[in-house]
Amino acid sequence: DAEITQSPRHKITETGRQVTLACHQTWNHNNMFWYRQDLGHGLRLIHYSYGVQDTNKGEVSDGYSVSRSNTEDLPLTLESAASSQTSVYFCASSPGGQNIQYFGAGTRLSVL
Amino acid sequence: GENVEQHPSTLSVQEGDSAVIKCTYSDSASNYFPWYKQELGKRPQLIIDIRSNVGEKKDQRIAVTLNKTAKHFSLHITETQPEDSAVYFCAATTWVTSGTYKYIFGTGTRLKVLA
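Here the structure is a predicted model, which is why all the values come from computation and not from measurement.

Undergrad: Just give me the short version of the state of the cysteines, but keep the residues and values in it.
TA: Scanning the entire structure with this criterion turns up two disulfides over all chains. Here Cys23(A) is linked by a disulfide to Cys91(A), with a sulfur-sulfur distance of 1.8 Å. Looking down the S-S bond of the Cys23(A) and Cys91(A) bridge, the torsion is -70 degrees, so its handedness is left-handed. Of this pair, Cys23(A) sits in strand β3 (residues 19-25) while Cys91(A) sits in strand β9 (residues 87-94), placing them 68 residues apart in sequence. Across the disulfide, Cys23(B) is cross-linked to Cys90(B) (sulfur-sulfur distance 2.0 Å). Looking along the S-S bond of the Cys23(B)-Cys90(B) disulfide, the torsion reads about -100 degrees, which is the left-handed sense. You can see Cys23(B) sitting in strand β3 (residues 19-25) and its partner Cys90(B) sitting in strand β9 (residues 86-97), a full 67 residues away along the chain.

Undergrad: Mind laying out the pattern of salt bridges, listing which residues take part and the relevant values?
TA: Taken as a whole, this structure holds seven salt bridges over all chains when the rule is applied. Here Asp38(A) ties to Arg44(A) by a salt bridge, and the two come within 3.0 Å at their closest N and O atoms. Note that Asp27(B) is salt-bridged to Lys102(B), the shortest N-O span being 3.8 Å. In this pair, Asp27(B) is assigned in the loop between β3 and β4 (32-38) and Lys102(B) in strand β10 (residues 100-105), connecting sequence segments 75 residues apart. Residue classification places Asp27(B) among the buried positions, given a relative accessible area of 15%. Looking at Lys102(B), the relative accessible area reads 28%, which means it is partly exposed. Connected through salt bridges with shared partners, the residues Arg36(A), Asp38(A) and Arg44(A) form a single ionic network.

Undergrad: Provide a residue-level description of the side chain of His29(A), including the pertinent values.
TA: Residue and element names in this part refer to chain A. Within the fold, His-29 resides in the loop between β3 and β4 (31-38). The buried category is assigned to His-29, whose relative accessible area is 8%. For His-29, the side chain forms a polar contact with the side chain of Ser-93, separated by 2.8 Å. Once residues lying within four places of it in the same chain are set aside, the contact partners of His-29 are Arg-68, Thr-71, Ser-93, Ser-94, Pro-95 and Tyr-102.

Undergrad: With reference to specific residues and values, describe the pairing of strand β8 (residues 72-77) of chain B.
TA: Residue and element names in this part refer to chain B. Strand direction decides the pairing type here: β3 and β8, joined by six bridges, are antiparallel. Looking at the pairing, Thr-24 lines up with His-72 of β8. Sheet topology places strand β7 (residues 62-67) next to β8; six bridges connect them, and they run antiparallel. Considered in β8, the bridge of Val-64 is made with Leu-75. If you look at the hairpin formed by β7 and β8, you'll find four residues sitting between the two strands, and Lys-71 has a positive phi there, around 55 degrees.

Undergrad: I'd like to hear about the confidence of the model for chain B, residue by residue, with values.
TA: Chain-level statistics for chain B give a pLDDT mean of 93 and a share of 98% at 70 or above. Mean pLDDT across the elements of chain B ranges from a minimum in β10(B), with 84, to a maximum in β3(B), with 98.

Conventions we followed
Counting restarts for each chain: residues are numbered from 1 in the order of the written sequence. Chain A is the first chain written and ligand 1 is the first ligand written, with later ones labelled in order. The model is predicted, so local features are restricted to residues of pLDDT at least 70 and side-chain atom pairs to those at 80 or more, both for listing and for counting; the totals for chains, interfaces and linings are taken over all residues. By convention in this description, side-chain values take in all heavy atoms of the structure and omit both hydrogens and water. Count a disulfide wherever a pair of cysteine sulfur atoms falls within 2.5 Å. Runs of E in the DSSP output that reach at least two residues are strands. Runs of H or I that reach at least four are helices, and both are numbered from the N terminus. Any carboxyl oxygen of Asp or Glu within 4 Å of a side-chain nitrogen of Lys or Arg constitutes a salt bridge here. Burial classes: relative accessible area under 20% of the type maximum marks a residue as buried, over 50% as exposed, and values in between as partly exposed (1.4 Å probe, protein chains only). Between N or O atoms, a polar contact is any pair within 3.5 Å; within protein, one atom must be a potential hydrogen donor and the other a potential acceptor, and residues adjacent in sequence are included only when both atoms are from side chains. Contact definition: two residues touch when any of their heavy atoms are within 4.5 Å. DSSP bridges decide pairing: two strands pair if at least two such bridges lie between them. A score between 0 and 100, pLDDT records how confident the predictor is in each residue.

Following this line, the structure appears as structure tokens:
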């Protein structure tokens, strides 16, 4: 079955390290999104992409980057991890022309 | 900027009672309003949605109402059951261009159904 998968599911890293979180979807969706979820803040948009080679900043993009080299993948990179980036990260996708989002299972990241 | 306010942040109800969660949005161009349910440690999952040309939508025990004039929409759960316990998120979306849109989430409501 088509799906959206995130890896790893859990990650512990140290401050200053570069970390990449993977998001892969097999629905051939044009639109992909990265959110972080923190208590009291709900889901906040980090970066998003509406197609190959298209990337855009969301409301909390500082310290994060993404690249979209194909339809299936939108990896999220933390250039130099900070303790403030300890969070649960969700990837989501939606078909082009539709605004229903489907979420991955999430990655729990701890920066020590 | 645009935002979505969601209330209450926590809600406890007795099993069998009804629960209502309310959201208010700021962007009058918003035209699609989904509700997501997130169980502990799981991903958000769409449970019901409503588009701006409809005032109410119902699916078994859950319903959503939309008041475009007041810019608010609500989730109603009747005959609550323990498995309804979860965090519920509302969202408001606005088309920016054909094929692209903005998605703004509320901060979530933790619903506890007491047996």
